[in-house]
Amino acid sequence: MTTSQITAYKEILDFLVSAPSLEDILGFYPSLGTVERVHDLVAGNQAGTLTYKEAAELQALVDLVPYMHAYRKWASQRISAH
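1. Describing the overall build of the protein chain
So, point 1. Along the backbone of the protein chain there are four helices and zero strands.
So, point 2. Ordered by position in the sequence, the α and β elements of the protein chain form the string α-α-α-α.
So, point 3. Dimensions of the protein chain, computed from C-alpha atoms along their principal axes, come out at roughly 50 × 20 × 20 Å.
So, point 4. Looking at the protein chain as a whole, 26% of its 82 residues qualify as buried.
So, point 5. Expressed as a percentage of contacts within the protein chain between residues at least 6 apart in sequence, the contacts between residues at least 24 apart total 63%.
So, point 6. Looking at the protein chain as shown, the accessible area adds up to about 5600 Å², and 60% of this sits on carbon and sulfur atoms.
So, point 7. Separation of charge centres in the protein chain, based on 6 positive and 9 negative side chains, amounts to 6 Å.

2. Details of the pattern of salt bridges
Should the charged atoms of two oppositely charged side chains come close, the side chains can pair.
So, point 1. Applying the stated rule across the entire model yields two salt bridges.
So, point 2. A salt bridge links Lys10 to Asp14, with the shortest nitrogen-to-oxygen separation between them at 2.6 Å. Note that Lys10 and Asp14 are positioned in helix α1 (residues 3–16) at a spacing of four residues, about one turn of the helix.
So, point 3. Residue class for Asp14 comes out partly exposed when judged on its relative accessible area of 36%.
So, point 4. A salt bridge links Arg37 to Glu57; its shortest N-O distance comes to 2.8 Å. Here Arg37, found in helix α3 (residues 32–47), pairs with Glu57, found in helix α4 (residues 52–81); they are 20 residues apart in sequence, far enough to count as distant.

3. Remarks on α4
So, point 1. Between its first and last C-alpha, α4 extends 44 Å over 30 residues, near the 44 Å set by a 1.5 Å rise per residue.
So, point 2. All of the buried residues along α4 are Glu54, Glu57, Leu58, Leu61, Leu64, Met68 and Ala75.

4. Thoughts on the nonpolar core
So, point 1. Counting residues in hydrophobic clusters, the biggest one holds 14 residues, and the most contacted among them are Ile12, Phe15, Leu16 and Met68.
So, point 2. Put simply, the parts of the chain that give this core at least two residues each are α1, α2 (22–27) and α4.
So, point 3. Among the elements that line this core, the one with the most residues is α4, at five residues.
So, point 4. Beyond its immediate sequence surroundings of up to four residues, Leu16 is in contact with Leu64, Met68 and Tyr71.

Cut-offs used in this document
Residues numbered from 1 in each chain as written. Predicted model: local features only at pLDDT ≥ 70, side-chain atom pairs only at ≥ 80, totals over all residues. Heavy atoms only, no water. Helix = DSSP H or I, 4+ residues; strand = E, 2+ residues; numbered from the N terminus. Buried < 20%, exposed > 50% of the residue type's maximum accessible area, 1.4 Å probe, protein only. Contact = heavy atoms within 4.5 Å. Areas by Shrake-Rupley, 256 points an atom, 1.4 Å probe, with all protein chains shown as cover. Lys, Arg positive; Asp, Glu negative; His and termini not counted. Charge placed at Lys NZ, Arg CZ, Asp CG, Glu CD. Salt bridge = Lys/Arg side-chain N within 4 Å of Asp/Glu carboxyl O. Expected span 1.5 Å × (residues − 1). Core = buried A, V, L, I, M, F, W, Y, C linked by side-chain atoms within 4.5 Å.

Right under this line is the structure:
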């Protein structure tokens, strides 16, 4: 895996463990590089051309999505409660 490939997953994981504020959680969007990498992985998956490592990378990113949704929901509820 190249550095840019690792960065897509690492960017999101680093954000989740960085103790962001509620506002940061609601305002988080992945970088353009991460979005492009995900698009490339999805396209490769649809074309059936992903390597084993790329498929694992895509799965790791997909596995983070429910956590991000839950994290945003939690942050939104916390802000609404104040």
